[in-house]
2 protein chains.
Amino acid sequence: MGEPVSTPPMRSDASEAYRRYLSAVMLHGQASARACELGATDLYALNILRLSGALSPGELGGRAGLTTGPTTRLIDRLERAGYVRRVPDARDRRKVIVEPIGTPVDLDRVMAPARQKVGEILEGYTPEQLDVLFDYFDRAALAYREAAEELSAAGADTDG
Amino acid sequence: MGEPVSTPPMRSDASEAYRRYLSAVMLHGQASARACELGATDLYALNILRLSGALSPGELGGRAGLTTGPTTRLIDRLERAGYVRRVPDARDRRKVIVEPIGTPVDLDRVMAPARQKVGEILEGYTPEQLDVLFDYFDRAALAYREAAEELSAAGADTDG
DNA sequence: CATAATCTCTTCTCTTGAGAAGAGAAATCT
DNA sequence: AGATTTCTCTTCTCAAGAGAAGAGATTATG
């Protein structure tokens with residue numbers, strides 16, 4: 001997955017710190033998925049569904065960073081595992097709605113350690129400091145999305 | 001690849017913001033790789049080599065989040081593309097050293113937009129605020145690594 | 001209306017990652 | 001020294017993602 005190409009912020013070792021951080025997040029994602037006996041993408045998609053509720057395959061795949069082909073098979077796997085159900089959309093018969101209907105039994109147990117550790121870290125910050133963190137997450141997310149957009153647009157230009 | 005299972009911090013929409021952030025970072029990584037005509041993992045590995053210098057396959061694979069099998073083929077691809085060279089380690093003949101010997105021509109061009117945008121965001125913060133950010137990256141990285149460690153250890157327990 | 005253009009999902013083929021098994025080299029133990 | 005254990009990389013098989021192509025449904029246009 002897909003793995004991230006970090007864009008190093010400027011300080012001396014900042015880019016290393018940032019890279020280590022992203023790397024750790026992803027290694028944890030893989031370990032979590034393995035503990036749930038799922039692929040990392042499958043668990044990620046399940047998390048998206050838990051937070052956002054039912055989505056169409058297109059929406060789900062887009063948020064999970066998948067193209068449409070793999071998305072269909074992702075949903076196949078989740079459906080077979082009993083975590084998800086396909087429901088036809090009444091208003092647009094081209095569409096399907098993917099409803100979460102279950103959660104891996106040990107998901108909470110698996111997430112607990114990271115949740116607690118990160119929670120403790122965040123508790124150590126003042127509200128102002130937390131504002132800085134989440135302000136950064138917000139704006140950086142936008143920046144990366146825009147940058148990705150530019151790259152895709154530039155690539156589409158030069159394609160046949 | 002692998003995609004992250006975010007562990008939502010506590011605030012109301014914080015977990016959503018955090019998820020969007022990670023998602024954006026990864027989508028940008030994929031777009032960057034595509035723009036360089038490489039896989040996301042391949043470009044990530046190349047970045048690791050640029051920052052860390054020559055590494056053994058084991059080290060490289062570990063940092064890229066790959067197991068040893070795929071790592072060999074990753075290096076095969078990079079070698080075939082001319083970005084990397086395998087050199088035998090004189091002191092330990094089990095080992096190989098992977099040396100970066102080139103970089104995709106348009107890597108800088110590809111990275112420029114994100115680098116600039118993120119740079120602008122970071123310039124908007126005071127030194128104290130930047131300390132908060134990088135303090136978080138440091139500690140969160142450790143937290144996620146430890147949490148992943150616990151999961152792996154627990155999984156190894158219950159395995160045959 | 002009818003036709004064309006667009007959208008959404010699925011199917012197919014090829015590349016890439018995971019994990020098990022194995023070969024070769026080094027370290028450790030007796 | 002010889003045997004065992006450990007380490008590092010490679011090879012092999014199977015599952016998962018990328019992208020192209022296609023089927024079915026909706027919307028826009030003449």
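Residues numbered from 1 in each chain as written. Chains lettered and ligands numbered in written order. Predicted model: local features only at pLDDT ≥ 70, side-chain atom pairs only at ≥ 80, totals over all residues. Heavy atoms only, no water.

Overall, the coordinates contain 22 salt bridges over all chains when judged by the stated rule. Between Glu79 of chain A and Arg86 of chain A there is a salt bridge; the shortest N-O distance is 3.2 Å. What makes Glu79 of chain A partly exposed here is its relative accessible area of 30%. Between Arg20 of chain B and Glu16 of chain B there is a salt bridge whose closest N-O contact spans 3.4 Å. On the criterion of helical spacing, the pair formed by Arg20 of chain B and Glu16 of chain B is a turn pair, its members being four residues apart in helix H1 (residues 14–35). Arg20 of chain B gets classed as partly exposed once you look at its relative accessible area, which sits at 36%. In the salt-bridge network here, residues are joined through shared partners; they are Asp76, Glu79 and Arg86 of chain A. (Salt bridge = Lys/Arg side-chain N within 4 Å of Asp/Glu carboxyl O. Buried < 20%, exposed > 50% of the residue type's maximum accessible area, 1.4 Å probe, protein only. Helix = DSSP H or I, 4+ residues; strand = E, 2+ residues; numbered from the N terminus.)

With that out of the way, let us pick up the protein's contact with DNA strand C. Near DNA strand C lie 22 residues; those nearest to it are Pro57 and Arg86 of chain A together with Thr41, Arg73 and Arg77 of chain B. Atoms of DNA strand C within 4 Å of the protein belong to the sugar or the phosphate in 68% of instances, the rest to bases. Within the backbone of Gly58 of chain A, an N or O atom sits 2.9 Å from a phosphate oxygen of DNA strand C. Elements that contribute at least two residues to the surface near DNA strand C include exactly helix H3 (57–64) and helix H4 (68–80) of chain A together with helix H4 (68–80) of chain B. Per-element tally for the surface near DNA strand C: the top contributor is H4 of chain B, with four residues. In terms of residue class, the surface near DNA strand C is built from four nonpolar, nine polar and nine charged. (Near = heavy atom within 4 Å. Polar contact = N/O pair within 3.5 Å; in protein donor to acceptor, adjacent residues only side chain to side chain. Nonpolar A, V, L, I, M, F, W, Y, C, P; charged D, E, K, R; others polar.)

All names here are of chain B. Looking at helix H3 (residues 57–64), one finds that the buried residues are Leu60, Gly61 and Ala64. Considered in projection along H3, the buried side chains sweep an arc of 95° and stay on one side of the axis. For H3, the secondary structure elements touched by its buried residues are helix H2 (40–52) and H4. Looking one or two residues past H3, Gly65 carries a phi angle of roughly 80°, positive in sign. (Arc of directions from axis to C-beta. Contact = heavy atoms within 4.5 Å.)

This brings us to the side chain of Asp42 of chain A. The topology assignment puts Asp42 of chain A in helix H2 (residues 40–52). Beyond its immediate sequence surroundings of up to four residues, Asp42 of chain A is in contact with Leu74, Arg77 and Leu78 of chain A.

Among the 22 residues in the neighbourhood of DNA strand D, the closest are listed as Arg73 and Arg77 of chain A together with Pro57, Gly58 and Arg86 of chain B. Thr67 of chain A places a main-chain nitrogen or oxygen 3.5 Å from a phosphate oxygen of DNA strand D. In this structure, Arg93 of chain A approaches DNA strand D through a side-chain N or O atom, which is 3.1 Å from a phosphate oxygen. Looking at the surface near DNA strand D, the elements that each hand over two or more residues are H4 of chain A together with H3 and H4 of chain B. Partitioning the surface near DNA strand D into residue classes produces four nonpolar, nine polar and nine charged.

The backbone of Glu37 of chain A shows a phi angle near 60°, a positive value even though the residue is not glycine. In this structure, Glu37 of chain A sits in the loop between helix H1 (14–35) and H2.

Looking now at the confidence of the model for chain A. Mean pLDDT over chain A works out to 86, with 88% of the residues at or above the 70 mark. Predicted confidence for residues 8–12 of chain A stays below pLDDT 50, and this span has twelve contacts to residues more than four positions away or in other chains. (pLDDT = per-residue confidence, 0-100.)

Between chain A and chain B, the superposition needs a rotation of 180° and an axial shift of 0.0 Å, giving an RMSD of 0.1 Å. Accordingly, the operation relating the two chain copies is best matched by a two-fold axis. Counting the interface residues of chain A, we find that 99% of their copies in chain B are interface residues as well, pointing to one common contact surface. (Least-squares fit on C-alpha atoms with pLDDT ≥ 70 in both.)

Here the focus is the packing of H2 of chain A against H4 of chain A. Residues and elements named next belong to chain A. Interhelical geometry of H2 versus H4 gives an angle of 80° and a closest axis separation of 10 Å. When the axes of H2 and H4 are compared, the pair comes out roughly perpendicular. Between H2, through Thr41, Asp42, Ala45 and Leu46, and H4, the contact on the second element is made entirely by Leu74, Arg77 and Leu78. Residue composition of the contact of H2 with H4, by class: four nonpolar, one polar and two charged. (Axes fitted to C-alpha atoms, helices over the stretch in contact; angles between N-to-C directions. Parallel < 35°, antiparallel > 145°, perpendicular 65-115°, else oblique.)

If you look at the interface, chain A gives 76 residues, while chain B gives 75 residues. Summing the contributions of chain A and of chain B, the shared interface buries around 7500 Å²; its carbon and sulfur component is 69%. The interface formed by chain A and chain B holds eleven residue pairs in polar contact (both at pLDDT 80 or more) in total. Of all elements in the fold, only H1, H2, H3, helix H5 (107–123) and helix H6 (127–158) of chain A reach the threshold of two or more residues within the side of chain A that touches chain B. Of the residues belonging to the side of chain A that touches chain B, the class tally is 45 nonpolar, 16 polar and 15 charged. (Buried area = accessible area lost by both parts, 1.4 Å probe.)

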